[in-house]
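Listed below are the residues making up each chain.
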Amino acid sequence: MDIPTVSVDTHARRATGPIVLLGAPGAGKGTQAKLIAAHFGIPQVSTGDLLRDHVRRNTPLGQQAQAIMGRGELVPDQLVCGMVEGRLAEKDCEQGFTLDGFPRTVAQAQWLDGRLQAGLLRGKPAQKVPLLVIDIAIDYGLLVQRLTARRTCPHCGAIYNLHFNPPRKPGVCDGDGSNLITRKDDEEAVIVERLKTYERQTLPLTDYYRQGGALRRVDGAGTVEQIAQAIRDLLERRGDVSCRSSA
Ligand code: AMP
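**Q** Whenever I open this one, the site of the ligand confuses me. Can you help?
**A** Around the ligand, a shell composed of 16 residues is seen, among which Thr47, Arg52, Glu73, Gly101 and Gln108 lie nearest. Take Arg52: an N or O atom from its side chain is 3.0 Å from an oxygen atom of the ligand. Within the backbone of Val75, a nitrogen or oxygen atom sits 3.1 Å from a nitrogen atom of the ligand. Relative to its unbound accessible surface of 480 Å², the ligand loses 96% to contact with the protein. With 4 residues, helix H2 (residues 47-57) is the single largest residue contributor to the shell around the ligand. Here the shell around the ligand is built from residues that sort into 6 nonpolar, 4 polar and 6 charged.

**Q** Just to check I follow, could you spell out the environment of Val75 for this structure?
**A** By the element assignment, Val75 lies in the loop between helix H3 (60-70) and helix H4 (77-88). Take Val75: its relative accessible area is 6%, and that puts it in the buried class. C-alpha separation for the pair Val75 and Leu51, spaced 24 residues apart in sequence, amounts to 9.1 Å. Those residues in contact with Val75 that lie beyond four places of it in its chain are Leu51, Ala65, Ile68, Met69, Val80 and Gln108.

Reading the values: the criteria
- Every chain is numbered independently, its residues counted from 1 as its sequence is written.
- Note on the predicted model: pLDDT of at least 70 is required for a residue's local features to be given, and 80 or more for side-chain atom pairs to be given and counted; whole-chain, interface and lining totals, by contrast, use all residues.
- Water and hydrogen atoms play no part in the side-chain values, which are based on all heavy atoms of the structure.
- We call a residue near a molecule or strand whenever a single non-hydrogen atom of that residue lies within 4 Å of it.
- Definition of a polar contact: a pair of N or O atoms within 3.5 Å, with one able to donate and the other able to accept a hydrogen when the atoms are protein atoms, and with sequence-neighbouring residues admitted only if both atoms are side-chain atoms.
- For the accessible areas, the method is Shrake-Rupley and the probe is 1.4 Å, while residue cover comes only from the protein chains on display.
- Secondary structure follows DSSP: runs of H or I at least 4 residues long count as helices, runs of E at least 2 residues long count as strands, and numbering of each begins at the N terminus.
- Each residue is assigned to one of three groups, with Ala, Val, Leu, Ile, Met, Phe, Trp, Tyr, Cys and Pro labelled nonpolar, Asp, Glu, Lys and Arg labelled charged, and all others, Gly among them, labelled polar.
- When a residue's accessible area, from a 1.4 Å probe over protein chains only, is under 20% of the maximum for its type it is buried; when over 50% it is exposed; and in between it is partly exposed.
- Any two residues whose heavy atoms approach within 4.5 Å at even a single point are treated as in contact.

Structure (structure tokens):
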């Protein structure tokens with residue numbers, strides 16, 4: 001299926017509250033965050049995209065992050081949390097948002113909990129809806145296959161996969177005709193590092209959120225549409241999130 005270029009329809013915006021997508025690099029977080037945005041009208045907040053934008057604009061944060069990202073390591077918590085705080089304060093996040101690639105450490109998760117509890121979204125509808133954490137669980141072999149075949153549009157952010165979701169014209173974005181690129185950190189040597197970083201620093205988050213009761217799991221081996229449907233089902237039922245235990 002085609003991944004839509006997301007223009008968020010503000011009339012369709014619904015109070016989904018805060019959503020976190022967990023999963024290894026290549027699990028499909030970015031693709032699914034875009035589909036959530038298209039369906040529920042809430043923005044995708046991707047820390048990877050925000051950091052890449054800082055690098056492109058050569059900001060002080062971008063200068064600090066560039067080499068770290070090139071090695072497949074994590075940018076320090078304090079820098080990333082500050083960046084996220086600024087983005088979540090924007091008006092389009094009032095009804096909810098999907099965090100894609102954040103949190104990535106237990107310290108970031110604790111920071112997010114603290115901000116939500118302290119009323120980061122005070123007085124706004126999203127504040128009343130509890131955090132929902134969706135883990136897109138997937139096998140490692142499939143991840144490497146997906147990441148090496150991933151191509152992205154540097155302009156609209158559309159994500160393609162040469163095997164499962166190729167562009168109509170090779171190398172060209174269906175949405176805006178830009179030449180597709182391979183992200184520098186999607187090269188195989190960096191992928192291995194990113195997966196190690198994930199295992200060491202991000203995987204413990206599933207336990208953190210399981211203990212907190214907010215964790216739901218979807219099978220990341222399905223098609224884009226099957227995963228999207230599973231996520232929509234979770235979100236449609238999220239009113240009773242706190243008493244469900246499918247994780
Ligand atoms: P992504 O596009 O989510 O795969 O992120 C690309 C790179 O950006 C990661 O490999 C990290 O170097 C950095 N990054 C993204 N999100 C975070 C985060 N929450 N904490 C630290 N570093 C991050």
